[in-house]
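Analysis of the macromolecular model
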Amino acid sequence: MRDFGYTLETAMADIIDNSVTARASRVNILAETATDEPWIAIVDDGCGMTEPELIEAMRPGSKNPLLEREGRDLGRFGLGLKSASFSQCRQLTVISRKSGETCAATWDLDNVAQTNDWRVDLEDDLSKIPAANSLPENGTIVLWRKLDRLSTNFRHDTGKRSAEINKAISGAERHLRLCFHRYMEGNRPALRILLNERKLSPIDPFATDHLATQADPEERLPLLNGEVVTQCFTLPHHKKMSKSAWEELGGSEGHLRSQGFYIYRERRLIIAGSWLGLARQTELTKLARVRVDIPNTMDSDWKIDVRKASAQMPPVVRERLRRIVERLQGTSKRTYQRRGRKLVSDENLPLWNRIRKDEGIVYRPNVEHPSITGYVQILPEELRHGFQACINLLGTGLPIAALHADMLGGAERVTSDETEFSELAEAAETAVRALIAASMTGNDVVRTLCSTEPFIHHKDSIRKLVEDIEHGERS
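Residues numbered from 1 in each chain as written. Predicted model: local features only at pLDDT ≥ 70, side-chain atom pairs only at ≥ 80, totals over all residues. Heavy atoms only, no water.

Comments concerning the overall build of the protein chain
To keep things clear, this is the line we draw: Labels follow the DSSP assignment, with helices taken as runs of H or I lasting at least four residues and strands as runs of E lasting at least two, numbered in each case from the N terminus. Only protein chains enter the area calculation, which uses a 1.4 Å probe; residues under 20% of their type maximum are buried, those over 50% are exposed, and those in between are partly exposed. Note on contacts: a residue pair is in contact if any heavy atoms of the two residues lie within 4.5 Å.
When helices and strands are counted, the protein chain shows 16 helices and 16 strands. Expressed as a percentage of its 475 residues, the buried residues of the protein chain come to 46%. Within the protein chain, contacts between residues at least 6 apart in sequence are counted, and of these 66% link residues at least 24 apart.

This is how it looks when you write it as structure tokens:
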């Protein structure tokens, strides 16, 4: 039971599942780590349990996974409370209050090992139990003590052990904000989750409130044991979002890893970001996400595991989603490629040409750019060949391997170097004079030259330069 593969965040989520099932509106995660006996408590204001109900809940395998359950019931095997708790601690205490009656019970694995008997101990005196005074009028506390799985490296150093546990709790925060975001959203959310009294905000992986998010209509697939509902989303390009919002959407692994299917069971997130073998995760498709909703009546069809952290797609659903993925990936690619075509259009004057060569793509400096051709014209004849050689050397020395490494999962961090116009003024003047000499009007010069980097950010300065040159020539 200790080794089902829980992490702290999936263990906490499993306990909160029970709170949701108990119709809790508030869950507060409390932690005391700067002590010789650190503990974590998850407190909810759900319906609570009577003593017989508590004893039954403490029994491993207290539910038949084949029984019909309410839509709000996020449990399955009746193992979550025990297996999730023991994955993190050796002592589990549950305190519950219902209709004014309070009861408490403890599993202690050390006692089980000593007595070789699975005996739950009922608690009569709650005064010495941590967090017991946080119990609401109706609700339940799940208390973890003897946190041997959370403090493996510094068991005899209170300070370092506290820092280790706090780091793990902090890392679990994002998972909970994402896992239960659909319960936490809205002006009147069904669930509030707090961490040491600090309210957590939900993370919507589809950015549905952003005006630039592209959302397709829902598609429904009725099956024998329930209905699968899918909806496709294409996130906004990162330049249309704030940096903090973009990074929160991508998480620590970035948008490359977070694209794909988001599978929900009764609105609770099971899988976050994977194409489940139907496609590859690529840079051009990292804006594509698919929400898949399944009811708890399809648990066996999807092979939902004890941790509620993995699932397997039924063949009939897999075939339907394969077609959806092909369509959605095209939308995501177009979001990036539209911006890419702007930079290499024949109507513009890019400093780099994008060229297909031997089934690959190479980038070469555009030696026909007026900044370059104009400068070549004013160079002495004996220096022109050397200048052209330097330009070609820059092109062949493009650091492709470094660019691949930097852009893998974080292309938005690779940006052009911002330059003051004073540093570009000479090159800009050369280009402007060359274009005017080619009989281009002033407005066309500004439009053409400012359509690409690096002049795109200096349109006003370019326009003034054109006016000054035209005025000087007329004078």
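So, unusual backbone geometry
A positive phi angle is found at A131, which is not glycine, with a value near 70°. Note that A131 resides in the loop between β5 (121-122) and β6 (139-145). The phi dihedral of R267 falls on the positive side, at around 70°, and the residue is not glycine. Within the fold, R267 resides in the loop between β12 (260-265) and β13 (268-272).

Let's talk about the nonpolar core
We apply this condition: Residue types Ala, Val, Leu, Ile, Met, Phe, Trp, Tyr and Cys, when buried and joined through side-chain atoms within 4.5 Å, form a set referred to as a nonpolar core.
Formed by 46 residues in total, the largest nonpolar core has its most connected members in M12, I16, I29, I40, L92, W144 and F180. Element by element, the count of residues in this core is highest for helix α1 (residues 8-21), at 7 residues. The residues contacting I16, other than those within four sequence positions of it, are V27, I29, I42, L176, F180, L191 and I193. Ranked by size, the runner-up nonpolar core spans 23 residues in total, among them C232, I270, V290 and W302.

Looking at helix α2 (residues 51-58)
Using the following cut-off: Arc definition: directions from the helix axis to the C-beta atoms.
When we look at burial in α2, the residues that qualify are L54, A57 and M58. With its buried residues spanning 95° around the axis, α2 presents them on a single face. For α2, the elements touching its buried residues are α3 (80-86), β3 (91-98) and β4 (101-108).

Comments concerning helix α14 (residues 421-437)
Our working definition: To estimate the expected span of a helix, count its residues, drop one, and scale the result by 1.5 Å. Bend, in this description, refers to the angle at a residue between axes fitted to the seven residues ending there and the seven starting there.
The end-to-end C-alpha distance of α14 is 23 Å, a good match for the 24 Å that 17 residues give at a rise of 1.5 Å each. At A427, α14 is deflected by roughly 35°, the largest bend along its length. Among the residues of α14, F421, L424, A428, T430, A431, V432, L435 and I436 are the ones counted as buried. Following α14 by one or two positions, S439 adopts a phi angle in the positive range, close to 70°.

Re the side chain of R2
Filter applied, for reference: As used in this structure description, the phrase polar contact means that two N or O atoms lie within 3.5 Å; if the pair is within protein, one of them must be able to donate a hydrogen and the other to accept it, and residues adjacent in sequence are counted only when both atoms belong to side chains.
For R2, the location among the structural elements is in the segment before α1. Owing to a relative accessible area of 15%, R2 belongs among the buried residues under this scheme. At 2.9 Å, the side chain of R2 and the side chain of D148 are in polar contact. Not counting residues within four places of it along the chain, the set of residues in contact with R2 comprises F86, S87, Q88, C89, R90, L109, D148 and R149.

Side note on the sheet that holds strand β2 (residues 39-44)
Our working definition: Should DSSP find at least two bridges between two strands, the strands are taken to pair.
Read across the open sheet, the 8 strands follow the order β5-β4-β3-β6-β2-β1-β7-β8; overall the sheet is mixed. Either end of the sheet is taken by a strand with one partner, and the two such strands are β5 and β8 (198-199). Alignment of strand β1 (residues 26-32) against strand β7 (residues 192-195), held across 4 bridges, turns out to be parallel. Counterpart to R26 in the pairing with β7 is R192.

Let's talk about the packing of aromatic side chains
Quick note on the threshold: To pair, rings of Phe, Tyr and Trp, with the six-membered ring standing in for Trp, must have centres within 6.5 Å; the planes then decide the type, stacked if under 30 degrees apart, edge-to-face if over 60, and tilted in the middle. Lysine and arginine charges are scored as sitting over a ring when NZ or CZ, respectively, is within 6 Å of the ring centre and within 35 degrees of the ring normal.
A complete count under the given rule lists 7 aromatic pairs for this structure. An aromatic cluster of three or more residues is present, and its members are F206, F233, Y262 and Y264. A cation over an aromatic ring shows up here: R267 above the ring of Y183, its NZ or CZ 4.3 Å from the ring centre. Over the aromatic face of F206 sits the side chain of R291, whose NZ or CZ is 5.7 Å from the ring centroid.

Notes on the pattern of salt bridges
Spelled out, the test is: A side-chain nitrogen of Lys or Arg and a carboxyl oxygen of Asp or Glu constitute a salt bridge if their distance falls within 4 Å.
Following the criterion strictly, the structure yields 24 salt bridges and no others. As a salt-bridge pair, R463 and D460 come within 3.5 Å of each other at their nearest N and O atoms. Highlighted residues: R463 and D460, both in helix α16 (residues 459-474), separated by 3 residues, approximately one helical turn.

Structural notes on the confidence of the model for the protein chain
Here is the rule we go by: Each residue carries a pLDDT score, the predictor's own confidence in it, on a scale running from 0 to 100.
Here the protein chain averages 85 in pLDDT, while 89% of its residues score no lower than 70. A low-confidence stretch, residues 339-346 (pLDDT under 50), is modelled with 7 contacts involving residues beyond four sequence positions or located in other chains.

Some points on the environment of N28
With respect to the helices and strands, N28 occurs in strand β1. Placed 13 residues apart in sequence, N28 and A41 show a C-alpha to C-alpha distance of 8.1 Å. Not counting chain neighbours up to four residues away, the residues in contact with N28 comprise A41, I42, V43, L194, L195, N196 and E197. In terms of polar contacts, N28 uses its side chain to reach the side chain of E197, at 2.7 Å.

As for the pairing of β13
The two faces of a sheet get side chains in turn, since along a regular strand they alternate between them. Most of β13 sits out of view: 4 of its 5 residues are buried. Taken together, the 4 bridges between β12 and β13 define a ladder with antiparallel strand orientation. Each bridged residue has a counterpart across the sheet, and for Y262 the counterpart in β13 is A272. Count of turn residues in the β12/β13 antiparallel hairpin: 2 residues, of which E266 carries a positive phi of about 55°.

Remarks on the environment of V20
As for its position among the elements, V20 is in helix α1. Relative accessible area serves as the criterion here: at 0%, V20 is assigned to the buried category. Each C-alpha atom of the pair V20 and R268 lies 9.8 Å from the other, and the pair is 248 residues apart in sequence.

Overview of the side chain of S19
Relative to the helices and strands, S19 is located in helix α1. Since its relative accessible area comes to 2%, S19 is described here as buried. Contacts of S19, omitting those with residues within four sequence positions, involve A24, V27 and D44.

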